[in-house]
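Coordinates in review
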Amino acid sequence: MTKNLRLKNRDDIRGIYRSGQVTAELLAELSRRAEPGVTTGELNRFAEEFIAAHGAQPAFKGYNGFPASICASVNQEIVHGIPREDRILEQGDVLKLDTGVVLDGYVSDAARTVIVGGGEVPAEVLRLLEATQMALDDGISRMRTGNLLNRVSSAISERIRSAGFKVIRDLTGHGVGFSLHEPPVVHNYPVPEGGVFRLVNGLVLALEPMASLSCEEILLGEDGWTYATVDGSTVAHFEDTVAIVHGHPVVLTRRDDGAEALKRI
Ligand code: MG
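These notes cover the structure that comes with them.

Concerning the packing of aromatic side chains
Scanning the entire structure with this criterion turns up three aromatic pairs. Both rings, one in Phe 46 and one in Phe 50, keep their centres 5.9 Å apart while their planes meet at 40 degrees; by these two values the pair is tilted. With a gap of four residues between them, Phe 46 and Phe 50 both fall in helix H2 (residues 40–53), about one helical turn apart. In this structure Phe 46 comes out as buried when scored by relative accessible area, which is 18%. The exposure class assigned to Phe 50 is buried, which follows from its relative accessible area of 10%. Plain terms: the ring middles of Tyr 106 and Phe 178 are 6.4 Å apart, the flat faces sit at 35 degrees to each other, and that makes the pair tilted. Taken together, the residues Tyr 106 in strand S5 (residues 106–115) and Phe 178 in the loop between strand S7 (173–175) and strand S8 (182–186) connect sequence positions 72 residues apart. The partly exposed category is assigned to Phe 178, whose relative accessible area is 23%. If you follow Arg 169 out to its NZ or CZ, it ends over the ring of Tyr 189, 3.9 Å from the centre.

Written out as structure tokens, the structure reads:
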């Protein structure tokens, strides 16, 4: 068992679920607002108001010094894009929105990829988004007690590779709930430590496959935060916070799971 692993009881998971519903609703609102002409700075300001109005706190702002409440990463940018008032979204931009909130001490973390303005994009970009979302769903479906963590990681990497895309290897998912990043690290491909870590009830993970059209190498930008692909190829990123309850996965950061998920916790 990984050192410092902190499992969650049912009250904790209900708390993370309530936090996760604020994150899910916020991502839906941000996705709707990501229109051509809008700046990523405006989206961040909306997020700050939304989070405060829900009695929550931003999980990202101030984390290791991160200056904003959302990450907004465009096209070849993968994660940790800093929102800016001069970053104007254009039709067809592939925007990764990543955010998290703290509600009553419980942390949730999720991300969506949207095409700005629903504009025309190459078919392979649509396929990339679809494959990355499916990789997340495949990983979630393997979150069952008794499975090794590598079952989750392999499901993610196999889906992305079989669709002909590249797994971003140097960025990972993680435990979440009491703080933003907890053990274990969840790689998006199988690793030796994932071959000895067995999944148990009360585990809460943020799964977050990241995939690109043609490149797995990453580059840190001059702002010290934004990661992008070395070859400039487009990236997709989807993330959900997921608990294992009664042996099975329950997604805590999707609205459509809603009351149904709560019944299962
Ligand atoms: Mg995360």
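Some thoughts on the nonpolar core
If you look at the biggest cluster of nonpolar residues, it comprises 32 residues, and the most contacted ones within it are Met 143, Leu 199 and Leu 207. Considering every element that reaches this core, the biggest residue donor is helix H3 (residues 123–141), with seven residues. Excluding residues that lie within four positions of it along the chain, Leu 207 makes contacts with Leu 136, Gly 139, Ile 140, Met 143, Val 152, Val 186, Phe 238, Glu 239 and Asp 240. Of all hydrophobic cores here, the second largest spans 23 residues; its members include Val 22, Phe 50, Ala 72 and Val 116.

Let's talk about the sheet that holds S8
If you trace the five strands from one edge of the open sheet to the other, you get S8-S7-S9-S14-S15, paired in antiparallel fashion. Looking along the sheet, the strands with just one partner apiece sit at the ends: S8 and strand S15 (248–251). Within the sheet, the average angular offset between the axes of one strand and its neighbour, ignoring direction, is 30 degrees. Relative to strand S14 (residues 240–245), strand S9 (residues 204–207) runs antiparallel, the two sharing four bridges. Bridging across to S14, Leu 207 finds its partner in Asp 240. The sheet strands contacting helix H1 (residues 10–33) are S9 and S14, and the helix crosses S14 at an angle near 160 degrees.

Examining the pattern of salt bridges
Following the criterion strictly, the structure yields 11 salt bridges and no others. For Arg 254, the salt bridge goes to Asp 137, with nearest N and O atoms at 2.8 Å. On the criterion of sequence distance, the pair formed by Arg 254 in the loop between S15 and helix H5 (258–264) and Asp 137 in helix H3 is long-range, its members being 117 residues apart. Between Asp 240 and Arg 254 there is a salt bridge whose closest N-O contact spans 2.7 Å. One end of the pair, Asp 240, is in strand S14; the other, Arg 254, is in the loop between S15 and H5, with 14 residues separating them in the sequence. Several salt bridges converge on common partners, so that one network encompasses Arg 112, Asp 137, Asp 240 and Arg 254.

What about the sheet that holds strand S6 (residues 166–167)?
Strand order in the open sheet formed by three strands is S6-S10-S13, and the pairing between neighbours is antiparallel. In this open sheet, the two strands that pair with only one neighbour each are S6 and strand S13 (235–237). By the bridge criterion, three bridges tie strand S10 (residues 210–212) to S13 in an arrangement that is antiparallel. The partner of Met 210 across the bridge, within S13, is His 237. Here H3 sits on the sheet in contact with S10 and S13, set at roughly 30 degrees to S13.

Focus on the pairing of S15
Two faces belong to every sheet, and in a regular strand the side chains alternate between them. Of the strand pairs in this sheet, S14 and S15 are connected by four bridges, and their pairing is antiparallel. Its bridge partner lying in S15, Val 245 is registered against His 248. Hairpin geometry of S14 and S15 is characterised by an intervening segment of two residues between the two adjacent antiparallel strands and by a positive phi of about 50 degrees at His 246.

Definitions and limits used
Residues numbered from 1 in each chain as written. Predicted model: local features only at pLDDT ≥ 70, side-chain atom pairs only at ≥ 80, totals over all residues. Heavy atoms only, no water. Phe/Tyr/Trp six-rings, centres within 6.5 Å; stacked < 30°, edge-to-face > 60°. Helix = DSSP H or I, 4+ residues; strand = E, 2+ residues; numbered from the N terminus. Buried < 20%, exposed > 50% of the residue type's maximum accessible area, 1.4 Å probe, protein only. Lys NZ or Arg CZ within 6 Å of the ring centre and 35° of its normal. Core = buried A, V, L, I, M, F, W, Y, C linked by side-chain atoms within 4.5 Å. Contact = heavy atoms within 4.5 Å. Pairing = 2+ DSSP bridges. Axes fitted to C-alpha atoms, helices over the stretch in contact; angles between N-to-C directions. Salt bridge = Lys/Arg side-chain N within 4 Å of Asp/Glu carboxyl O.

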